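This is what each chain is made of:
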Amino acid sequence: MGISSILIIGGKPGTFRQTARAPFKVTYVDDAGDAAAMVRDDEIFQLAIITLSKTGPAVLPLCNSLLEATPPAKVMLVAGDDELQEILSWLAGLTPGDINSFTRSTAPLPEKEKTVTSALPSRFEGLIGESPEMKKVKTLIEKIAPTGTTILLQGESGTGKEVLARAIHRSSARSDRPFIPVDCAAISGTIIESELFGHAKGAFTGADRSTLGMIRSADKGTLFLDEIGELPMNMQAKLLRTLQERAVKPVGESRIYPVDIRIIAATNRNLAEGVKNGEFREDLYYRLNAITIYAPPLRERASDIPLICRHILNRLENEGFTQKTISERALTMLSAYGWPGNVRELENVMRRATMLTNGDTIDTDVLSFESGHMLALEACDVNPGSMASHEKEAIQKALQKTSGNRRAAADLLGISEATLYRRLKTYSI
Ligand SMILES: Nc1ncnc2c1ncn2[C@@H]1O[C@H](COP(=O)(O)OP(=O)(O)OP(=O)(O)O)[C@@H](O)[C@H]1O
């Protein structure tokens, strides 16, 4: 079944930002009656967290609806906002796989400590790879994670920089405190200051209550600044001051608040180049790259591909896909590919292949990717001609699955409609 979906009832507005990038769907509802209506309307939740101080007597019928739903949801009752806040910061650090172990360990009225301990994921969970390149990275993490040093993660998109950051957090003394990821590229320039540093009530139009901001939400924990190279110059200056003074000044406030955070920053750009071009502050660059870890691209650790594929297949099974294995021939083909999108692209290829495979075993006929990136084809029993025929077959299967709907087929194949049209012409389909 593997529904990665959580319902949260009650709680203070503004406390939920921590789970904004959590790798599962989170739905927030203020009112227990509304929540019960959603369950009656057949919305499926894997876990419901109910704040008792906000729900009153309506909690009983709601619990009944959740427990009687098909499949039944796990229910966790928390007393008030403080407990909810603690659980949310902890959820933000989980992966979809963790959710299963978490819910397995959750009784309707859990003892908090017991639940927390049994749900704690292992340090390197989600960081799959036994190649010499990955082993080097893991050894480095073991050495530097406990020191609390600021770390800069460099690597191409999709190489697993966020996975590495979570592993560092878990291996540190801060592991039971929040891990707050911030995608600097995804927050618009106008709100980034208040998102990061918080704001006072009335600081600007629409600021009807004060907020903590992500930096203070990460107090005693780890702040993961993804795509740091995209941070606007004025925010770079304010971040630098925060790091130097270990204090935050929210927008519209005159006072400053001390914070104790570990920073892990990540970028797929060459930051040193950015400094040279005047796009990134040199002082902040030196502050951030006390230690740099390079996330190796997948093509440089192709020996990890079979392990990662198995991991992805397990994850897909947890999401509700039927169990599949992968043929040796398909693995050989995957190992010959250049993976410009790294592990993220491999996940997409495996997801598509799983959807297109009717039997138990994923084979080469359902693997589709840009053949321009094939490597060393002569080293395996695959040649560019067979690659084209596999691609053609994958397109035909996708069109069959979508009853000829080209847009849906393009989505299934993970390519644009324009690319699909070009391929249809090329292969005379
Ligand atoms: N070593 C790994 N083992 C298993 N899965 C991985 C590994 N590395 C990355 N992934 C998976 O690949 C996907 C991309 O990882 P992640 O978001 O950490 O990459 P990233 O380098 O931060 O990408 P970007 O630069 O685009 O933000 C995620 O779904 C992650 O779970």
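As annotated in an unreviewed UniProt entry, the chain is Putative transcriptional regulator, Fis family from Chlorobium luteolum.

J.: Looking at this structure, I do not really get the overall build of the chain. What am I missing?
T.: For the chain, the helix and strand inventory stands at 19 helices and 13 strands. A burial count over the chain gives 50% of its 429 residues as buried. A sequence separation of at least 24 residues applies to 72% of the contacts in the chain between residues at least 6 apart. Only carbon and sulfur atoms are counted for the fraction: they give 50% of the accessible area of the chain, which is about 20,000 Å².

J.: In this structure, what is going on with the site of the ligand? I would like to understand it.
T.: Among the 19 residues in the neighbourhood of the ligand, the closest are listed as Ile128, Ser157, Gly158, Lys161 and Glu347. Separating an oxygen atom of the ligand from a side-chain N or O atom of Arg344 is a distance of 3.0 Å. Between the ligand and Glu347, the relevant distance is 2.9 Å, taken from an oxygen atom to a side-chain nitrogen or oxygen of the residue. If the ligand stood free it would expose 630 Å²; the protein chains cover 88% of that surface. Of all the elements in the fold, those that place two or more residues in the shell around the ligand are helix H8 (161-170), helix H14 (305-318) and helix H16 (342-356). Of the residues in the shell around the ligand, the class split is 4 nonpolar, 7 polar and 8 charged. Looking at which domains feed residues into the shell around the ligand, each of domain 2 (132-294) and domain 3 (302-426) supplies at least three.

J.: Sorry, what's going on with the packing of helix H18 (residues 406-413) against helix H19 (residues 417-426) here?
T.: Any two packed helices are characterised by how steeply their axes cross, that is the angle between the axes, and by the distance between the axes. One way to put it is that H18 packs onto H19 with a least axis distance of 9 Å and a crossing angle of 100 degrees. One element, H18, and the other, H19, form an angle in the roughly perpendicular class. Residues Arg406, Arg407, Ala409, Ala410 and Leu413 of H18 form the contact with H19, whose own contacting residues are Glu417, Leu420, Tyr421 and Leu424. For the contact of H18 with H19, the class distribution of residues is 6 nonpolar, no polar and 3 charged.

J.: Before we go on, may I ask you to explain the side chain of Thr357 in this structure?
T.: Tracing the backbone through its elements, the reader meets Thr357 in the loop between H16 and strand E13 (361-362). Within the local environment of Thr357, its side chain forms a polar contact with the backbone oxygen of Ala353, the two atoms lying 2.7 Å apart. Excluding anything up to four places from it in sequence, Thr357 contacts Lys324, Ile362 and Val366.

J.: Explain the packing of helix H1 (residues 32-40) against helix H3 (residues 59-68) to me, please; I cannot follow it from the model alone.
T.: H3 packs onto H1 with a crossing angle of 20 degrees between their chain directions and a minimal axis gap of 9 Å. If you check the angle between H1 and H3, you find them roughly parallel. Relative to H3, H1 is oriented so that their crossing is left-handed. Across the interface between the two elements, Ala32, Ala35, Ala36 and Val39 from H1 touch Leu62, Ser65 and Leu66 from H3.

J.: What's the story with the sheet that holds strand E1 (residues 5-9) in this structure? I'm lost.
T.: Where strands meet in a sheet, backbone hydrogen bonds hold them as pairs that are either parallel or antiparallel. Spatial ordering of the open sheet is given by E2-E1-E3-E4, a layout of 4 strands whose pairing is parallel. On the outer flanks of this sheet lie strand E2 (25-29) and strand E4 (74-78), each paired with one strand and no other. On average, adjacent strands in this sheet sit at an angle of 15 degrees to one another, irrespective of strand direction. Pairing of E1 with strand E3 (residues 47-51) involves 4 bridges; the strand directions are parallel. When the sheet's bridge partners are listed, Leu7 is paired in E3 with Ala48.

J.: Before we go on, may I ask you to explain the sheet that holds strand E6 (residues 179-183) in this structure?
T.: Ordered in space as E6-E7-E10-E5-E11, the 5 strands form an open sheet in which the pairing is parallel. In this open sheet, the two strands that pair with only one neighbour each are E6 and strand E11 (291-294). For this sheet the average axis-to-axis angle between neighbouring strands, irrespective of direction, equals 20 degrees. Of the pairings in the sheet, the one linking strand E5 (residues 151-154) to E11 comprises 4 bridges and is parallel in character. Bridge pairing links Leu153 to Ile293 in E11.

J.: Explain unusual backbone geometry to me, please; I cannot follow it from the model alone.
T.: Most of the time, phi is negative for any residue but glycine, and the peptide bond is trans. The phi dihedral of Lys220 falls on the positive side, at around 75 degrees, and the residue is not glycine. Along the chain, Lys220 falls in the loop between helix H10 (213-217) and strand E7 (222-226).

J.: It is not clear to me how the environment of Ile44 should be interpreted in this structure. Could you clarify?
T.: Note that Ile44 resides in the loop between H1 and E3. Sequence separation between Ile44 and Ile6 is 38 residues; the distance between their C-alpha atoms is 9.0 Å.

J.: Can you walk me through the packing of aromatic side chains in this structure?
T.: One pair of aromatic rings is described through two measures. These are the centre distance and the angle between the planes. A full pass over the atoms with the stated rule returns 3 aromatic pairs. When the centroid spacing of 6.0 Å and the interplanar angle of 25 degrees are considered together, the rings of Phe179 and Phe224 count as stacked. With Phe179 in strand E6 and Phe224 in strand E7, the pair connects residues that are 45 residues apart, well separated along the chain. A single burial state applies to Phe179 and to Phe224, both of which are buried. Each ring, one from Tyr337 and one from Trp339, has its centre 4.4 Å from the other, and the planes form 90 degrees; the classification is edge-to-face. Each member of the pair, Tyr337 as well as Trp339, is classed as buried. Directly above the ring of Phe197 sits Lys238, whose terminal nitrogen or CZ lies 4.6 Å from the centroid.

The rules behind the values
Residues numbered from 1 in each chain as written. Predicted model: local features only at pLDDT ≥ 70, side-chain atom pairs only at ≥ 80, totals over all residues. Heavy atoms only, no water. Helix = DSSP H or I, 4+ residues; strand = E, 2+ residues; numbered from the N terminus. Buried < 20%, exposed > 50% of the residue type's maximum accessible area, 1.4 Å probe, protein only. Contact = heavy atoms within 4.5 Å. Areas by Shrake-Rupley, 256 points an atom, 1.4 Å probe, with all protein chains shown as cover. Near = heavy atom within 4 Å. Polar contact = N/O pair within 3.5 Å; in protein donor to acceptor, adjacent residues only side chain to side chain. Nonpolar A, V, L, I, M, F, W, Y, C, P; charged D, E, K, R; others polar. Domains from an automatic or database assignment. Axes fitted to C-alpha atoms, helices over the stretch in contact; angles between N-to-C directions. Parallel < 35°, antiparallel > 145°, perpendicular 65-115°, else oblique. Left-handed = near helix turned anticlockwise from the far one by under 90°. Pairing = 2+ DSSP bridges. Phe/Tyr/Trp six-rings, centres within 6.5 Å; stacked < 30°, edge-to-face > 60°. Lys NZ or Arg CZ within 6 Å of the ring centre and 35° of its normal.

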